[in-house]
Amino acid sequence: MKIYNTLTRKIEEFIPHNKDRVNMYTCGPTVYHYAHIGNLRSYIMEDVLEKTLMYNGYNVNRVMNITDVGHLSSDSDTGDDKMVSSAKKQNKTVLDIAKFYTEAFFSDLKKLNVKKPETIEPATNLIPEYINLIEKLLSKDFAYISGGNVYFDTSKLDDYYVLTNHKEDEMVVGVRDGVENDYNKRNQADFVLWFTKSKFDDQELKWNSPWGLGYPGWHIECSCISMKHCGEYLDIHCGGVDNIFPHHTNEIAQSEAYLGHKWCNYWVHCEHLNDKNGKMSKSKGDFLTVSLLEEKGYNPLSYRLLCLQSHYRKQLVFTYENLDNAEQAYKKLKQKTLSLKAGSNINTELFESYNEKFKACINDDMNTSSAITVLYDVLKDDVLNDGTKKALIESFDKVLSLDLLTEEQNDVSDDLAKYVEEQIKLRIEAKKSKDFETADKIRNDLLEKGVELKDTREGTLWNKIK
Ligand code: AMP
Ligand code: ZN
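The shown structure was predicted, so the numbers you read here are calculated from the model rather than taken from an experiment.

Participant: How do you make sense of the overall build of the protein chain when you look at a structure like this?
Facilitator: Of the regular secondary structure elements, the protein chain holds 14 helices and 18 strands. Principal axes of the C-alpha set define a box for the protein chain whose edges measure 80 × 50 × 35 Å. Counting across all 466 residues of the protein chain, residues that qualify as buried make up 55%. Nonlocal contacts in the protein chain, meaning residues at least 24 apart in sequence, comprise 76% of its contacts between residues at least 6 apart. When the accessible surface of the protein chain is summed, it comes to about 21000 Å², and 48% of that surface belongs to carbon and sulfur atoms. Averaging the positions of the 61 positive and the 74 negative side-chain charges in the protein chain gives two centres separated by 2 Å.

Written as structure tokens, this is what we have:
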């Protein structure tokens, strides 16, 4: 199995420390708002990675944090705590906000068939562990106290920028429009391990510490949670590309300073989902959630398919046109997979040959779009009997997780699909000969049967109304 490693900037063979227990850590959401479908692209990629590992026979110990404290509005330790601002706006407590959006997050994951990691740890659960780690960093002289806060001293490392390969002056930390510089730092790249009341008086959740009443920085939580559940040697650490710097860079700095050895071998990052304004984010542009897509009549799994059709290391631009196409493709795919007849014997030789092709795709740095091409090849292959096709699809769906063999109430029968496609052709002909009355009648008749037509640049798409 090969995977692109951000740390070495190469596609590498995956070799875990221990085959029987692959330790995989993924940065969880900051639960001050709903996850947007950009965040969820990263979680879909991580799900495919975990399932690819399982497809290769590995046992995966997957851990995820829930950020409910310490993530400030700038990733570089300035601005308000995102949780506190959201709680203030909604007139609720931080813990109420965290509970609400954590549940919403897991409900979104379920709709997208993203497997819930076995271990989920809210950041507020491990305060004593953060304090221990920070004390050790202070005793090893990797940290210092200044202005009431505890900072990590990046100048003590040989290569702080190991993950980014960037020159120091290109990666300015702590300066952003409207956000003041932190003059307590010895070096611009230093980051906060522990904040005290001297700096942020309005923080709702605070804990006693050797440095006063305060709260942890965002980065320390991921190092500690990972070490608690995955031990000192982590195999894979994941996140979106925006996590590479400063978050993951800082995680490496403090973890390796604490451990005194290399911490994680493979760093896997998902490129962004963009909208017309650039990176989809919680603070600007259209805020697209799974629920919103559902309200508009889309099946969340069409969004999963859209993500799988592109490579996770390429930026993906979200448009409704792309989603319409994915929805149409998903429906057609399911019409085909659900019409396969059960019963015929499985041809093991052909099964193995297609399975190997599928595995080669997912093992090639998670090339999911090629894996989907193999799926279409299976469906098209006249030599394969339905039993073998079904067995292959069941197997592929362990990774793709598109519910390809699960019948749902909204799935349309083959007969209805055929009928709708014929009616669409007739309507196109009617429109060509300017017989708009017939064209409208076809549209209205279909609507009465619960089928809605949508004219797009790619042709007429249709939708079964729920
Ligand atoms: P957050 O809730 O902001 O902590 O982010 C949760 C996850 O979503 C992190 O792994 C981010 O890197 C990732 N992420 C944020 N924005 C996007 C985006 N537009 N596309 C893909 N992943 C994203
Ligand atoms: Zn993290």
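Participant: Looking at this structure, how should I read the sheet that holds strand 11 (residues 214–216)?
Facilitator: By way of backbone hydrogen bonds, the strands of a sheet pair with one another, either parallel or antiparallel. Spatially, 4 strands are ordered 8-9-10-11 in an open sheet, and the strand pairing comes out antiparallel. In the strand order of this sheet, the two ends are held by strand 8 (143–146) and strand 11, each with one partner. Across the sheet, the mean angle from the axis of one strand to that of its neighbour is 25°, orientation sign disregarded. As judged from the 3 bridges shared by strand 9 (residues 149–152) and strand 10 (residues 191–196), these two strands associate in the antiparallel manner.

Participant: Is there a simple way to explain the pairing of strand 3 (residues 22–26) in this structure?
Facilitator: Walk down a regular strand and you will see the side chains alternate between the two sheet faces. Most of strand 3 is tucked away, with 5 of its 5 residues classed as buried. Bridging between strand 3 and strand 4 (residues 60–66) involves 5 bridges; their strand directions are parallel. Following the sheet pairing, Y25 is matched in strand 4 by V63. By the bridge criterion, 3 bridges tie strand 3 to strand 12 (residues 234–240) in an arrangement that is parallel. Looking at the pairing, M24 lines up with I236 of strand 12.

Participant: When you look at the confidence of the model for the protein chain in this model, what are you seeing that I'm missing?
Facilitator: The predicted coordinates of low-pLDDT regions are not to be read in fine detail. Residues of the protein chain with pLDDT of at least 70 account for 92%, and the chain-wide mean is 90. Scored below 50 in pLDDT, residues 174–179 makes 9 contacts in the model with residues more than four places away or belonging to other chains.

Participant: Looking at this structure, how should I read the site of ligand 1?
Facilitator: Within the structure, ligand 1 sits among 19 residues, and G38, S42, D242, L273 and K282 are positioned closest to it. The side chain of T30 places a nitrogen or oxygen atom 2.9 Å from an oxygen atom of ligand 1. The contact in question runs from an oxygen atom of ligand 1 to an N or O atom on the backbone of G240, over 3.1 Å. Taking 500 Å² as the accessible area of ligand 1 by itself, protein coverage stands at 95%. Secondary-structure elements contributing two or more residues to the shell around ligand 1 are helix 1 (37–55) and strand 12. No other element matches helix 1, which puts 4 residues into the shell around ligand 1.

Thresholds, definitions, all that
- Residues numbered from 1 in each chain as written.
- Chains lettered and ligands numbered in written order.
- Predicted model: local features only at pLDDT ≥ 70, side-chain atom pairs only at ≥ 80, totals over all residues.
- Heavy atoms only, no water.
- Helix = DSSP H or I, 4+ residues; strand = E, 2+ residues; numbered from the N terminus.
- Buried < 20%, exposed > 50% of the residue type's maximum accessible area, 1.4 Å probe, protein only.
- Contact = heavy atoms within 4.5 Å.
- Areas by Shrake-Rupley, 256 points an atom, 1.4 Å probe, with all protein chains shown as cover.
- Lys, Arg positive; Asp, Glu negative; His and termini not counted.
- Charge placed at Lys NZ, Arg CZ, Asp CG, Glu CD.
- Pairing = 2+ DSSP bridges.
- Axes fitted to C-alpha atoms, helices over the stretch in contact; angles between N-to-C directions.
- pLDDT = per-residue confidence, 0-100.
- Near = heavy atom within 4 Å.
- Polar contact = N/O pair within 3.5 Å; in protein donor to acceptor, adjacent residues only side chain to side chain.

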